[in-house]
Amino acid sequence: MKRRDFLGAAAAAAALGGLETTTASGQETKAGADPKVNAAQLYKRHAPNRRQHDRPLPDLSQYSGMQAQKAEGALPSAYHEKEMRRIKELGLEPADSIQDKSDISCFQRGSSPHWSGINTFLKLPYVEDVHKVGEYDVAFVGVPFDVGCTFRTGTRFGPQGMRRISALYQKYSFEHGIDLGETLAMCDVGDIFCPANITKSHDQITKGIAHILSQGTLPMIMGGDHSIGYPIARAVAQCVEGKVGIIHLDRHVDTQEKDMDEIMHTCPWFHATNIPNCPPSNLVQLGIGGWQVPRAGVKVGRDRGTTILTVNDIEQIGIDKTIEIALEVAWKGASAVYLSFDIDSLDAGFVPGTGWPEPGGLLPREALKIINGIAKEGIAAMEVCEVSPPYDISDITSLMGVRLMMDVLGTMAKNGRIGGRLKV
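A brief look at the structure comes next. Computed from a predicted model, the values in this text were never measured in an experiment.

Calculation criteria
- Residues numbered from 1 in each chain as written.
- Predicted model: local features only at pLDDT ≥ 70, side-chain atom pairs only at ≥ 80, totals over all residues.
- Heavy atoms only, no water.
- 1 Å grid on protein atoms, 1.4 Å probe; cavity = no way out; pocket = protein on both sides within 12 Å on 5 of 7 lines; lining within 4 Å.
- Points joined across faces, edges and corners; volume = space filled by probe spheres on them.
- Helix = DSSP H or I, 4+ residues; strand = E, 2+ residues; numbered from the N terminus.
- Nonpolar A, V, L, I, M, F, W, Y, C, P; charged D, E, K, R; others polar.
- Axes fitted to C-alpha atoms, helices over the stretch in contact; angles between N-to-C directions.
- Left-handed = near helix turned anticlockwise from the far one by under 90°.
- Contact = heavy atoms within 4.5 Å.
- Buried < 20%, exposed > 50% of the residue type's maximum accessible area, 1.4 Å probe, protein only.
- Polar contact = N/O pair within 3.5 Å; in protein donor to acceptor, adjacent residues only side chain to side chain.
- Parallel < 35°, antiparallel > 145°, perpendicular 65-115°, else oblique.
- Phe/Tyr/Trp six-rings, centres within 6.5 Å; stacked < 30°, edge-to-face > 60°.
- Lys NZ or Arg CZ within 6 Å of the ring centre and 35° of its normal.
- Pairing = 2+ DSSP bridges.
- Salt bridge = Lys/Arg side-chain N within 4 Å of Asp/Glu carboxyl O.

Digging into the layout of surface pockets
Over the atoms rolls a probe the size of a water molecule, and in doing so it shows where empty space is left.
Thought 1: Roughly 1400 Å³ of internal volume is contained in the largest pocket.
Thought 2: In terms of lining, the largest pocket is formed by 44 residues, of which the most central are Glu83, Gly110, Ser111, Lys123 and Lys171.
Thought 3: Among the secondary structure elements, those contributing two or more residues to the lining of the largest pocket are helix 5 (78-91) and helix 7 (180-183).
Thought 4: Partitioned by chemical class, the residues of the lining of the largest pocket number 19 nonpolar, twelve polar and 13 charged.
Thought 5: In this model, the second largest pocket occupies a volume close to 330 Å³.
Thought 6: Together, 16 residues line the second largest pocket, and Glu175, His176, Asn372, Arg403 and Asp407 are the ones closest to its centre.
Thought 7: Those elements that provide at least two residues to the lining of the second largest pocket are helix 4 (64-71), helix 14 (364-375) and helix 15 (396-414).

So, the packing of helix 14 against helix 15
Thought 1: As a packed pair, helix 14 and helix 15 sit with axes 8 Å apart at the nearest point and diverge in direction by 30°. For helix 14 against helix 15, the interelement crossing comes out right-handed. Mapping the contact onto sequence places Pro364, Leu368, Ile371, Asn372 and Ala375 in helix 14 and Met400, Arg403, Leu404, Asp407, Val408, Thr411 and Met412 in helix 15.
Thought 2: Looking at the contact of helix 14 with helix 15 residue by residue, the class counts come to eight nonpolar, two polar and two charged.

Things to note about the environment of glutamate 383
Thought 1: Examined against the element boundaries, glutamate 383 turns out to sit in strand 12 (residues 381-385).
Thought 2: Assessed through its relative accessible area of 0%, glutamate 383 is described here as buried.
Thought 3: C-alpha separation for the pair glutamate 383 and leucine 339, spaced 44 residues apart in sequence, amounts to 6.5 Å.
Thought 4: Dropping the residues within four chain positions of it, glutamate 383 is found in contact with Ile221, His226, Ile228, Gly229, Ile232, Tyr338, Leu339, Ser340 and Phe341.
Thought 5: Of the polar contacts made by the side chain of glutamate 383, one reaches the side chain of tyrosine 338; its length is 2.4 Å.

Focus on the side chain of histidine 265
Thought 1: With respect to the helices and strands, the residue histidine 265 is situated in the loop between strand 8 (243-249) and helix 10 (268-272).
Thought 2: Under the relative-accessibility criterion, histidine 265 is labelled buried at 4%.
Thought 3: At 2.8 Å, the side chain of histidine 265 forms a polar contact with the side chain of glutamate 386.
Thought 4: The residues touching histidine 265, leaving out its near neighbours within four places in the chain, are Gly148, Cys149, Thr150, Asp225, His226, Ser227, Asp254, Trp356 and Glu386.

Concerning the packing of helix 6 (residues 158-166) against helix 15
Working note: a packed helix pair is described by the angle between its axes plus the distance between those axes.
Thought 1: Two numbers describe how helix 6 lies on helix 15: the axes approach to 8 Å, and their chain directions differ by 75°. It follows from the interaxial angle that helix 6 and helix 15 lie roughly perpendicular. Along the contact surface, helix 6 presents Gly161, Met162, Ile165 and Ser166, while helix 15 presents Ser398, Leu399, Gly401, Val402 and Met405.

With respect to the packing of aromatic side chains
Thought 1: According to the stated counting rule, one finds three aromatic pairs in the structure shown.
Thought 2: Relative to tryptophan 356, the ring of phenylalanine 151 lies with its centre 5.1 Å away and its plane at 45°, an arrangement referred to as tilted. Placement of the pair is phenylalanine 151 in the loop between strand 3 (138-143) and helix 6 and tryptophan 356 in the loop between strand 11 (334-342) and helix 14, with a sequence separation of 205 residues.
Thought 3: Residue tryptophan 356 is classed as partly exposed on the basis of its relative accessible area, which comes to 27%.
Thought 4: In this structure, arginine 152 is placed above the aromatic ring of tyrosine 391, and the distance from its NZ or CZ to the ring centre is 3.9 Å.

A short note on the sheet that holds strand 8
Thought 1: One open sheet holds the eight strands; their spatial order is 6-3-7-12-11-8-9-10, and the pairing between them is parallel. What marks the edges here is a single partner per strand, and that holds for strand 6 (186-191) and strand 10 (307-310). Strand-to-strand twist of the sheet, defined as the mean angle between neighbouring strand axes without regard to direction, takes the value 15°.
Thought 2: Bridge count for strand 9 (residues 283-288) against strand 10 is four bridges, and the pairing is parallel. Within strand 10, the position partnered with leucine 286 by the bridge is leucine 309.
Thought 3: Contacting strand 3, strand 6, strand 7 (218-223), strand 11 and strand 12, helix 15 runs over the sheet at an angle of about 170° to strand 7.

Quick word on the pattern of salt bridges
Opposite charge on two side chains lets them pair, provided their charged atoms get close.
Thought 1: One pass over the full model with this rule turns up 13 salt bridges.
Thought 2: Linking lysine 258 and aspartate 261 is a salt bridge whose minimum nitrogen-to-oxygen distance equals 3.7 Å.
Thought 3: In this structure lysine 258 comes out as partly exposed when scored by relative accessible area, which is 47%.
Thought 4: Residue classification places aspartate 261 among the exposed residues on the basis of a relative accessible area of 57%.
Thought 5: Close ionic contact of arginine 403 with aspartate 407 constitutes a salt bridge, the shortest N to O distance being 2.7 Å.

So this is what it looks like as structure tokens:
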């Protein structure tokens, strides 16, 4: 249908300013008149009738967007104000020409501007003395290790990539209705030293994560290839009295005993479930599928009685049922649960920066809903692995890794599963 036919001949002429037409007051306008004026007259005549402008708006208060907007007003800001004072003390007052002196210092010491500054995770305080990690609720730690890769390397740069893009984020979440800066004492303890040796690096990882956990601090771990899952599970098992459950999101089972005669990133859960208090019956794996699942690993899972849900299973039973199953299996008789998120559990179109991309995985919204449901019950440690910045596009894979950790923290804090050391 032509625009002239849709609007009517006179209205089209008015909108285009090309012909004489009659206005609402009965006055004629001449060709070449201002088309903006004519268009305004057109909308003034028709819009009130078409949209019923005198109709009352519906009650929108039940929608999460309106509720979150209201909830922000009740959030505290004491820590932010304290941080602003600290920034000025350490970085000097800004130049006299700066008019808005509320959050600007001469030397950058805060999170703003996002494009500059030294990138710790979220630009949190860097704790050089790891003996002081117990002063914090949460410690972000990097595990730059990819000697266990069997195809594309590059995950040793995962912690760098996630720290870099984390500068894009703030500590307040509109949807969660929480400001982590006002709720948790958080820090970045840097990276665990990983030499180019699988066994020695795994020993380093176990010692480092166990140190953080033993201080009562939640480790949020940035990998690294997925072979690090075994030494992390070993660290959690050392620090927990009772059984440890594992919730593992991935496209691959990672339950082979060996790959190329080593404990590679295809092998963490074979060795983790050999730990006495980390039994295979408490291992649940979500998102497994595709053409990259070795039969040797499938056999181990079948023999040991692990639980697997494919993406098709998740689609069929729904997110809520998936969360219920994951929690039931992982927490059965357990004292703690460790959450391991391989970024390639997401469809390859969303996470190009990974070593073993596989189409058909989870959508980002699905993954976020699943991990939020899991986090409501609390976790003892979380690791995001297989982020490989050399293969990434515009940091979107690293950004997803950051988002996953932030959502887990937000959900845990909201549900009282973490926190207690923040002092304003």
